[in-house]
Each structure stands twice: as C-alpha cells, then as structure tokens.
Amino acid sequence: MKTLYYLMGILPIFIECAKVFAPKKIVKEIEGVKAEKDTEKMLKNGGCFWIAVQLYYMIWSIAGLVTAQWPVFLLLIVLSLIPKKNIGVFWLNALFSLLALIFILLTIPFTH
C-alpha cells in the first residue's frame, strides 16, 4: 500500500517541478486553454490533459485529508485556492507546493 501511495505522489511532484522550472511556459499554455471559446478546440489543444491532471491532483489531495499528514494536504488545498494573477505568485505557489509534496513523501515512513 505504501508503494502505491508513493507512486501516486510522484505525478504531483512532476507537475510542480514543471511549474517551478518553466513557469512562463506553463502559464502561457494554461491561459491559451482558458482563452479558447470553442470547447472542441480547447480539448484538442491540451485542455483535456490539464483538466485530467488537475482532477487527479485534487482527488489525491482530498484523499490525503484522511491520513496522518492531513495538515500538509490541507496546506496544498489552501495553496490551490490562492489566485495566481502574476508569474511571481504562480512561481511561489508552485515552490511551496513542491516543498509540501516532498515533505509528504519523505515523512511517510514516520507517520504510518
């Protein structure tokens, strides 16, 4: 079960690493998907990917609220609610989320 939990936590870490190391590219891609008025075009231009990734991330975070690490998962959920109006806030949010995710995965052996 721990192995599954570790594997499920790797995808969010990769997502946050991408946000930390290439924030302008990610913001540009997300804004392009949001600006698309035609749903069919949006889904073809990567919208489906981002929707699936964010849905997985949200479900994993909510499921984490029933673990011993619930305060850190609550922090992740609160961080996701912060409006990311400029690239600096987006980058800081991604950095704090990445640190929280690393903390979650490193403390699993001590909390279970």
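Residues numbered from 1 in each chain as written. Predicted model: local features only at pLDDT ≥ 70, side-chain atom pairs only at ≥ 80, totals over all residues. Heavy atoms only, no water.

(A) Molecular detail of the packing of aromatic side chains. According to the stated counting rule, one finds 1 aromatic pair in the structure shown. Judged by centre distance (5.1 Å) and plane angle (70°), the ring pair of W60 and F73 falls under edge-to-face. You can see W60 sitting in helix α3 (residues 39–63) and its partner F73 sitting in helix α4 (residues 70–81), a full 13 residues away along the chain. Judged on exposure class, the residue W60 and its partner F73 are both buried. (Phe/Tyr/Trp six-rings, centres within 6.5 Å; stacked < 30°, edge-to-face > 60°. Helix = DSSP H or I, 4+ residues; strand = E, 2+ residues; numbered from the N terminus. Buried < 20%, exposed > 50% of the residue type's maximum accessible area, 1.4 Å probe, protein only.)

(B) Summary view of the pattern of salt bridges. In total, this model carries 1 salt bridge according to the counting rule given. Its salt-bridge partner being E16, residue K19 comes within 3.8 Å of it at the nearest N-O pair. Remark: E16 and K19 occur in helix α1 (residues 2–21); sequence separation between them is 3 residues, near one turn of the helix. Comparing K19 with E16 shows no difference in burial state: the two are buried. (Salt bridge = Lys/Arg side-chain N within 4 Å of Asp/Glu carboxyl O.)

(C) Molecular detail of the packing of α4 against helix α5 (residues 87–106). As a packed pair, α4 and α5 sit with axes 10 Å apart at the nearest point and diverge in direction by 160°. Our classification of the angle between α4 and α5 gives roughly antiparallel. Viewed along their axes, α4 and α5 form a crossing whose handedness is left-handed. On the side of α4, the interface is formed by V72, F73, L75, L76 and L79, while α5 contributes N93, F96, S97, A100, L101, F103 and I104. Split by residue class, the contact of α4 with α5 holds 10 nonpolar, 2 polar and no charged. (Axes fitted to C-alpha atoms, helices over the stretch in contact; angles between N-to-C directions. Parallel < 35°, antiparallel > 145°, perpendicular 65-115°, else oblique. Left-handed = near helix turned anticlockwise from the far one by under 90°. Contact = heavy atoms within 4.5 Å. Nonpolar A, V, L, I, M, F, W, Y, C, P; charged D, E, K, R; others polar.)

(D) Here's a closer look at α5. Over its 20 residues, α5 extends 28 Å from the first C-alpha to the last, a length consistent with the 28 Å expected when each residue adds 1.5 Å. Here α5 has its buried residues at F90, N93, A94, S97, L98, A100, L101, I104 and L105. Along the long axis of α5, the arc covered by the buried residues comes to 170°, so they all point the same way. Capping the start of α5, N86 holds a side-chain oxygen 3.3 Å from the backbone nitrogen of G88, two or three residues further along. (Expected span 1.5 Å × (residues − 1). Arc of directions from axis to C-beta. Polar contact = N/O pair within 3.5 Å; in protein donor to acceptor, adjacent residues only side chain to side chain.)

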